[in-house]
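What follows is the residue order along each chain.
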Amino acid sequence: MTEKEKMLQGLGYDASDAELTADRKRARMLCHKFNNLEPDQREEATALLKELLQTEGDLYMEPSFRCDYGYNIKVGKNFYANFNCTILDVNTVTIGDNVMFAPNVQIYTATHPVEAAPRVAGVEMGYPITIGDNTWIGGGSIICPGVNIGRNVVIGAGSVVTKDIPDNAVAVGNPCRVIRIIEQDV
């Protein structure tokens with residue numbers, strides 16, 4: 001099994017693998033190009049994002065944007081990310097339709113062993129994240145590895161989402177918790 005296959009299966013893997021290193025370099029080059037475009041170069045920006053991410057829909061992202069690989073990020077239709085979005089995509093990140101990220105949203109599929117010996121040896125892991133349709137992630141929020149966020153959800157600014165959030169919920173805090181259910185559905 002390759003290190004990339006291990007990575008995508010949530011197993012411990014070696015991030016210094018040559019294939020993964022080359023893939024990260026490609027993503028960083030595309031992010032650099034995107035982040036350094038002039039504000040009126042929206043067509044070029046969209047083309048770079050479509051080369052970097054898996055998407056067939058409309059998307060709009062403000063610079064700066066950072067990711068590990070890009071190809072593990074699946075974006076639905078009508079996606080918007082405000083300034084300073086970071087997605088550590090060592091595993092899949094699936095983002096539904098009509099999703100909005102406020103500034104400084106951070107999505108982390110990446111993690112490390114709790115035990116010191118494998119962590120010091122460089123073992124890494126990653127667990128997939130899913131964000132459902134019609135969801136708004138508030139500014140400065142962090143979505144942790146393995147989390148599933150339902151449809152029609154609002155995550156309050158500054159939240160740290162460590163557990164799954166059900167459909168139609170408003171959730172806030174650190175750790176993030178549901179404070180109410182939204183009665184109306186899109």
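Residues numbered from 1 in each chain as written. Predicted model: local features only at pLDDT ≥ 70, side-chain atom pairs only at ≥ 80, totals over all residues. Heavy atoms only, no water.

Here five strands make up an open sheet; going across it, the order is β2-β5-β8-β13-β16 and the pairing parallel. The open sheet terminates on both sides in strands that have one partner only, identified here as β2 (54-55) and β16 (148-149). As judged from the two bridges shared by strand β13 (residues 129-131) and β16, these two strands associate in the parallel manner. Along β16, the bridge assignment pairs Thr-130 with Asn-148. (Pairing = 2+ DSSP bridges. Helix = DSSP H or I, 4+ residues; strand = E, 2+ residues; numbered from the N terminus.)

The subject of this paragraph is the sheet that holds strand β12 (residues 123-126). The strand order across the open sheet formed by three strands is β1-β12-β11, and the pairing between neighbours is antiparallel. The two strands at the open ends of the sheet, each matched to only one other strand, are β1 (13-14) and β11 (110-111). Relative to β12, β11 runs antiparallel, the two sharing two bridges. Across the sheet, residue Thr-111 finds its bridge partner in β12, namely Met-125.

The subject of this paragraph is the pattern of salt bridges. In this structure the tally under the stated criterion is five salt bridges. A salt bridge links Lys-4 to Asp-23; the nearest nitrogen and oxygen atoms lie 3.5 Å apart. Of this pair, Lys-4 sits in helix α1 (residues 3-8) while Asp-23 sits in helix α2 (residues 18-35), and the two are 19 residues apart along the sequence. For Asp-23, a relative accessible area of 15% translates into the label buried. A salt bridge links Arg-151 to Asp-133; the shortest N-O distance between them is 3.8 Å. Here Asp-133 lies in the loop between β13 and β14 (136-137) and Arg-151 lies in the loop between β16 and β17 (154-155), a separation of 18 residues in the sequence. Since its relative accessible area comes to 23%, Asp-133 is described here as partly exposed. (Salt bridge = Lys/Arg side-chain N within 4 Å of Asp/Glu carboxyl O. Buried < 20%, exposed > 50% of the residue type's maximum accessible area, 1.4 Å probe, protein only.)

Let us now look at α2. Between its first and last C-alpha, α2 extends 25 Å over 18 residues, near the 26 Å set by a 1.5 Å rise per residue. Where α2 is concerned, the buried positions are Leu-20, Asp-23, Arg-24, Ala-27, Leu-30, Cys-31, Phe-34 and Asn-35. For α2, the angular spread of buried residues about the axis comes to 130°, placing them on one side. For α2, the exposed residues lying more than 90 degrees away from the buried face are Ala-18 and Lys-25. Looking at the packing, one finds that the buried side of α2 touches α1, β1, α3 (42-52), β3 (59-61) and β4 (65-67). Its side-chain oxygen at 3.2 Å from the backbone nitrogen of Glu-19, Asp-17 defines the N-terminal cap of α2. (Expected span 1.5 Å × (residues − 1). Arc of directions from axis to C-beta. Contact = heavy atoms within 4.5 Å. Polar contact = N/O pair within 3.5 Å; in protein donor to acceptor, adjacent residues only side chain to side chain.)

Their axes nearest at 9 Å, the elements α2 and α3 cross at an angle of 165°. Taken together, the axes of α2 and α3 lie roughly antiparallel to each other. The way α2 lies across α3 gives a crossing that is left-handed. Here Arg-26, Ala-27, Leu-30, Cys-31, Lys-33 and Phe-34 of α2 lie close against α3, whose contacting residues are Arg-42, Ala-45, Leu-48, Leu-49, Glu-51 and Leu-52. Class assignment for the residues of the contact of α2 with α3 results in eight nonpolar, no polar and four charged. (Axes fitted to C-alpha atoms, helices over the stretch in contact; angles between N-to-C directions. Parallel < 35°, antiparallel > 145°, perpendicular 65-115°, else oblique. Left-handed = near helix turned anticlockwise from the far one by under 90°. Nonpolar A, V, L, I, M, F, W, Y, C, P; charged D, E, K, R; others polar.)

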